[in-house]
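Breakdown of the fold
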Amino acid sequence: MTVADNQQPQALNFECETGNYHTFCPISCVAWLYQKIEDSFFLVIGTKTCGYFLQNAMGVMIFAEPRYAMAELEEGDISAQLNDYNELKRLCEQIKRDRNPSVIVWIGTCTTEIIKMDLEGLAPKLEAEIGIPIVVARANGLDYAFTQGEDTVLAAMAHRCPSKPPETETEKNERNSIQKLLNFGRKQDDVNADESDYVDHPPLVLFGSLPDPVVTQLTLELKRQGIKVSGWLPAKRFTELPVLEEGSYVCGVNPFLSRTATTLMRRRKCKLIGAPFPIGPDGTRAWIEKICSVFGIEPKGLDEREAGIWANMEDYLELLRGKSVFFMGDNLLEVSLARFLIRCGMTVPEIGIPYMDKRYQGAELELLQKTCQEMGVPLPRIVEKPDNYNQIQRIYDLKPDLVITGMAHANPLEARGINTKWSVEFTFAQIHGFSNARDILELATRPLRRNTALKDLGWEKLVKEDATV
Amino acid sequence: MKLAYWMYAGPAHIGTLRVASSFKNVHAIMHAPLGDDYFNVMRSMLERERDFTPVTTSVVDRNVLARGSQEKVVDNITRKDQEEHPDLIVLTPTCTSSILQEDLQNFVDRAQLESQGDVLLADVNHYRYNELQASDRTLQQIVQYYIAKARKKGDLRTDKTEQPSVNIIGMSTLGFHSNHDCRELRSLMADLGITINTVIPEGASVQDLKTLPRAWFNLVPYRELGMMTAEFLQAEFGTPTVDVTPMGVVETARCIRAIQTVLNQQGASVDYDHYIDEQTRFVSQAAWFSRSIDCQNLTGKKAVVFGDNTHAAAMTKILVREMGIKVVLAGTYCKYDADWFRQQVEGYCDEVLISEDNAEIANAIARLEPAAIFGTQMERHVGKRLDIPCGVIASPIHIQNFPVGYKPFLGYEGANQMVDLVYNSFTLGMEDHLLEIFGGHDTKDVITKDMSANADLSWSKDGLAELNKIPGFVRGKVKRNTEKFARDRQIESITAEVLYAAKESVGA
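What counts, and where the lines are drawn
Residues numbered from 1 in each chain as written. Chains lettered and ligands numbered in written order. Predicted model: local features only at pLDDT ≥ 70, side-chain atom pairs only at ≥ 80, totals over all residues. Heavy atoms only, no water. Helix = DSSP H or I, 4+ residues; strand = E, 2+ residues; numbered from the N terminus. Contact = heavy atoms within 4.5 Å. Areas by Shrake-Rupley, 256 points an atom, 1.4 Å probe, with all protein chains shown as cover. Lys, Arg positive; Asp, Glu negative; His and termini not counted. Charge placed at Lys NZ, Arg CZ, Asp CG, Glu CD. Buried < 20%, exposed > 50% of the residue type's maximum accessible area, 1.4 Å probe, protein only. Pairing = 2+ DSSP bridges. Right-handed = clockwise from strand over helix to strand, strands pointing away. pLDDT = per-residue confidence, 0-100. Phe/Tyr/Trp six-rings, centres within 6.5 Å; stacked < 30°, edge-to-face > 60°. Lys NZ or Arg CZ within 6 Å of the ring centre and 35° of its normal. Axes fitted to C-alpha atoms, helices over the stretch in contact; angles between N-to-C directions. Parallel < 35°, antiparallel > 145°, perpendicular 65-115°, else oblique. Left-handed = near helix turned anticlockwise from the far one by under 90°. Buried area = accessible area lost by both parts, 1.4 Å probe. Salt bridge = Lys/Arg side-chain N within 4 Å of Asp/Glu carboxyl O. Polar contact = N/O pair within 3.5 Å; in protein donor to acceptor, adjacent residues only side chain to side chain. Nonpolar A, V, L, I, M, F, W, Y, C, P; charged D, E, K, R; others polar. Disulfide = S-S within 2.5 Å. Arc of directions from axis to C-beta.

Moving on: the overall build of chain B. Summing up its helical and strand segments, chain B has 22 helices and 16 strands in all. Projected onto its principal axes, the C-alpha positions of chain B cover 90 × 70 × 40 Å. Summarising the internal contacts of chain B: among those between residues at least 6 apart in sequence, 72% fall at separations of at least 24. With an accessible surface of roughly 21,200 Å², chain B has 48% of that area assigned to carbon and sulfur atoms. For chain B, the distance from the average position of its 53 positive side-chain charges to the average position of its 67 negative side-chain charges is 2 Å.

Set out below in structure tokens:
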């Protein structure tokens, strides 16, 4: 990651408020990862507080066939009267019996940290005993925020990626036979693997959990440039984790995966491509260009591709130009979204963010600066670990047109006449790549369109006049 | 350790926060790691609350752990005291921070020195109590604190009000239809000529707590929240408690008669019999419904009831006594108060189940095959799987329990709502007959629960055995793919060989 030029008029201003702020617990990653990794079982080792969060606040209710559960710590566990190993063994044996997953992911919590439960020490022994791989991730709120939970899981899974491709074709086929059976009747693979389409380059593995259609879209975008994606971390199934050879290239798709990036570099000796994140047409283009540049490929047709996307969003851009957006900070996607919205013509007075890794997000920050410069707008103030109370006072002063915030503050801000959008929607919506850029704007403009639809009625006049029904 | 897929009651701090944030101008400080403060999300989203939830987390992170949290907690209390001038700040840890074994009382004492408002530590064992017990305990603690404070200052009001009056105890934020119940009880009390002395904790000011002894009696509609406070007030001031839940026509009448008794014992002379009769026979539709032709077909139908103590016990009685429905199983997840429940439903049901394990209830439902279930959101899911209708009668709360329209569970309007709930849960009247004559709306095979029409296919014993070796969560997919393979080739019986052939044909 290099700093491109020295002619920046102003530098980004980082502050750390170390305040009292609200965000979701990192164990929430279970909610999307168990769906992404189809043969997994997630066991959250924590208290009633953790379980009730997943059940009620995340709204992840336990439907027909759950693939995650709580190992609820009780008084005997806390006071060390019970043996951790035996207790976990009892639970994991039951999980094996009932669900027979390909992997059990233990999610450590604040409580396991505080009582110093040695999950990493217990796992290998238990794994050998029950014959199911056990991956340990410490997705605790003492060290991490919200989406970083995914980071802890992927960093742990990075250790489980094979370092050599399967020796023979039969072995490869055996490994995939169940999958083929599953996909029977469907088209074999959306991205076909005709070798002649690709330039010869070292293997490239992408990391970050994205919904399957987005995985295909990004893989295809790179294929257009002749780049072959050897695999994704995580894959759809644990048994299909990508091969990571020493010297493989890796590139992230999400801004909250700094720990995974570090693990891939230090432990798996992979080379990290530090690119802006493929969010918005500008980010996606920069992401592809960066990967191309690493492989010495001249990117083709990106200008037209990006221009086409922008042209297609003009109806939304009209609504956004000249408006301001304030990020309270929640899911670590803030910098990428802010950069994209600035490119759309908005101004951003403040980006709150729970945690800022200036190295891993380096290319993104650089693009943010460049974007502000090109759009002629002031650089946002970046506030790490913001204080929500202080932020609300700043919002009262700044009167932004839109506040992107966690769920706890949305209704009260709306009641005070301030437009809001839930930040979690950006976590769960498909926002990556060229074609999904419109979806981001669909979300961001909704509060503005709602107000237009209700003709800025305010609170006194509650119905539209001249309604033509 | 306990393998848990579902929790019927939340952790203790949720109960404490429900009580604290129900009061007016009371702020709670949570001493907790990032992410434990989802109470704010629940209140803001479920209650569609317009104000910021008066709960602030004093975030415990790695640095705080290393340095000790005292300063941070004390700073946050005094800061909030200056920012918003609450009457009271309640400090609560969560399951996690309570393990740190810090002297939180000491933090509170220190913060009190610098604060204008009062500061209190919610004294709850987070591993022994659940949400319901903790809410009961915290309410009692706050009441006790302000009674003692008033007594010390000499402005405790112990003189009874001139007119009969009541404290309604146990109305709180994030309660199951609690705000609607509260409105219904207020109007019921108005009908009875009883003035409301206080309603706690919802909407009350802690400054009003010193007038609690002025009421002629305390009404505790929910068994889970308020009993401890009522018992305390009874012990201190001799205020009688009415703890009959006015749910359903019969129990509402019993509750009103209990009120009549306590008022007349204190020198009033009220006679509510005429009111009860009028309401039962002419105002409420519930009693008439039970006698209408609509309800006739409910006679002897089987139902399973499960919920918290209050709602499950009341629902059991309504179904049996007011509608002639057979309750084959009544159950509660309030294990800590199981004796009360057993005593309440004795004689009204075939079986009693006291359990916090959702699988146990699900299995019982599958075994009993009732015509309807009255339970929580979890039983509603179970019902969906088994194709049994379910009316939701108890927490855990869900956005559906905060309807914008008026839907109380208590009082005479509550009785009407229960009728609707029961009526809509069962298939009734003509529909029932038509189902019997024509064998149902569709001919879906209810045993296998799959979408494929597999009437022309059968699985041989060895085929099934092989199928069962495939991991549970992909089995359905494999089954469908193999059946598609067999159907394409006109194979009628699927053996292990066919299964493998299907597998190979894809591998080729």
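When helices and strands are counted, chain A shows 19 helices and 14 strands. Per-residue burial over chain A gives 60% buried out of 469 residues. Restricting to contacts in chain A with at least 6 residues of sequence separation, those with at least 24 account for 76%. Accessible surface, chain A as shown: approximately 19,000 Å² in total, 48% of it carbon and sulfur.

Residues and elements named next belong to chain A. Burial along strand β13 (residues 402–405) is two-sided: L402 and I404 and V403 and T405, pointing in opposite directions, are all buried. Of the pairings in the sheet, the one linking strand β10 (residues 325–327) to β13 comprises three bridges and is parallel in character. Across the sheet, the residue bridging to F326 is V403, located in β13. Note: β13 against strand β14 (residues 420–422), three bridges, orientation parallel. Across the sheet, V403 pairs through a bridge with T420, a residue of β14. Viewed along the sheet, the connection from β13 through helix α17 (residues 407–415) into β14 turns out right-handed.

Residue and element names in this part refer to chain B. Averaged over all residues, the pLDDT of chain B is 89; the fraction at 70 or higher stands at 93%. Within the model, the stretch residues 438–454 combines pLDDT values under 50 with 14 contacts to residues more than four positions away or in other chains. Both confidence scores are given for the complex: pTM 0.87, ipTM 0.88.

Scanning all chains against the criterion turns up 17 aromatic pairs over all chains. Both rings, one in Y8(B) and one in Y333(B), keep their centres 5.0 Å apart while their planes meet at 10 degrees; by these two values the pair is stacked. Residue Y8(B) is located in the loop between β1 (2–4) and α1 (12–22), and its partner Y333(B) is located in the loop between β11 (326–332) and α15 (338–345); the two are separated by 325 residues in the primary sequence. When sorted by exposure, Y8(B) lands in the same class as Y333(B), which is buried. An aromatic cluster of at least three residues, connected via ring pairs, comprises F24(A), W32(A), F53(A), F146(A), F428(A) and Y38(B). The ring of Y85(A) carries the charged tip of K125(A) above its face, separated from the ring centre by 4.3 Å. In this structure, R183(B) is placed above the aromatic ring of Y406(B), and the distance from its NZ or CZ to the ring centre is 3.7 Å.

Now for the packing of helix α7 (residues 148–158) of chain A against helix α10 (residues 258–266) of chain A. Residues and elements named next belong to chain A. One can describe the packing of α7 onto α10 by two numbers: an axis separation of 7 Å at closest approach and a directional angle of 15 degrees. For the element pair α7 / α10, the angle class is roughly parallel. α7 and α10 meet at a crossing whose hand is right-handed. Here α7 contributes D151, L154, A155 and A158 to the contact with α10, which in turn contributes S258, R259, T260, T263 and L264.

Bringing the interface of chain A and chain B into the picture now. Each partner contributes to the interface: chain A provides 81 residues, whereas chain B provides 72 residues. Taking both partners together, chain A and chain B bury about 6,800 Å²; carbon and sulfur atoms supply 63% of that area. If you look at where chain A meets chain B, you find five salt bridges. For the pair chain A and chain B, the interface holds 22 residue pairs in polar contact (both at pLDDT 80 or more). Partitioned by chemical class, the residues of the side of chain A that touches chain B number 43 nonpolar, 20 polar and 18 charged.

Let us now look at the sheet that holds strand β9 (residues 241–242) of chain B. Residue and element names in this part refer to chain B. Strands sit in the order β7-β6-β8-β9 across an open sheet of four strands; the sheet is parallel. Since the sheet does not close on itself, it has two edges, and those belong to β7 (195–201) and β9, each with one partner. Note: strand β8 (residues 217–219) against β9, two bridges, orientation parallel. In the strand pairing of β9, N218 is matched with T241. Across the face of the sheet, helix α8 (residues 178–191) comes into contact with β6 (165–171), β7 and β8 while running at roughly 170 degrees to β6.

A few words on the confidence of the model for chain A. Residues and elements named next belong to chain A. With 86% of its residues at a pLDDT of 70 or more, chain A shows a mean pLDDT of 88. Scored below 50 in pLDDT, residues 1–8 makes eleven contacts in the model with residues more than four places away or belonging to other chains. Per-residue pLDDT stays below 50 along residues 185–190; that stretch engages in four contacts with residues further than four places along the chain or on separate chains.

Another point: the state of the cysteines. Residue and element names in this part refer to chain A. Within the structure shown, the criterion is met by zero disulfides over all chains. The closest cysteine sulfur to the non-disulfide-bonded C92 is located on C50, 17 Å from its own sulfur. We classify C92 as buried; its relative accessible area is 0%. For C292, which is in no disulfide, the shortest distance to another cysteine sulfur is to C251 and amounts to 11 Å. Residue classification places C292 among the buried residues on the basis of a relative accessible area of 0%.

So, on to the sheet that holds strand β5 (residues 134–138) of chain A. An order of β5(A)-β4(A)-β2(A)-β3(A)-β1(B) is seen for the five strands of this open sheet, with the pairing classed as mixed. The strands lining the two open edges of the sheet, one partner per strand, are β5 of chain A together with β1 of chain B. For this sheet, the mean inter-axis angle between neighbouring strands, taken without regard to orientation, is 25 degrees. Direction of pairing for strand β2 (residues 40–46) of chain A relative to strand β3 (residues 68–72) of chain A: parallel, over a ladder of five bridges. Residue G46(A) lies in a different strand from β3(A), and its bridge partner there is E72(A). Here helix α1 (residues 29–36) of chain A sits on the sheet in contact with β2, β3 and β4 (103–108) of chain A, set at roughly 160 degrees to β2(A). Contacting β2, β4 and β5 of chain A, α7(A) crosses the sheet at an angle of about 140 degrees to β5(A).

What follows deals with helix α6 (residues 104–114) of chain B. All names here are of chain B. Looking only at α6, the buried set comprises L104, F107, V108 and A111. All buried residues of α6 lie within an arc of 95 degrees about the axis, which places them on one face of the element. If you follow the buried residues of α6, they end up packed against β2 (26–33), α4 (70–84), β4 (88–93) and β5 (118–121).

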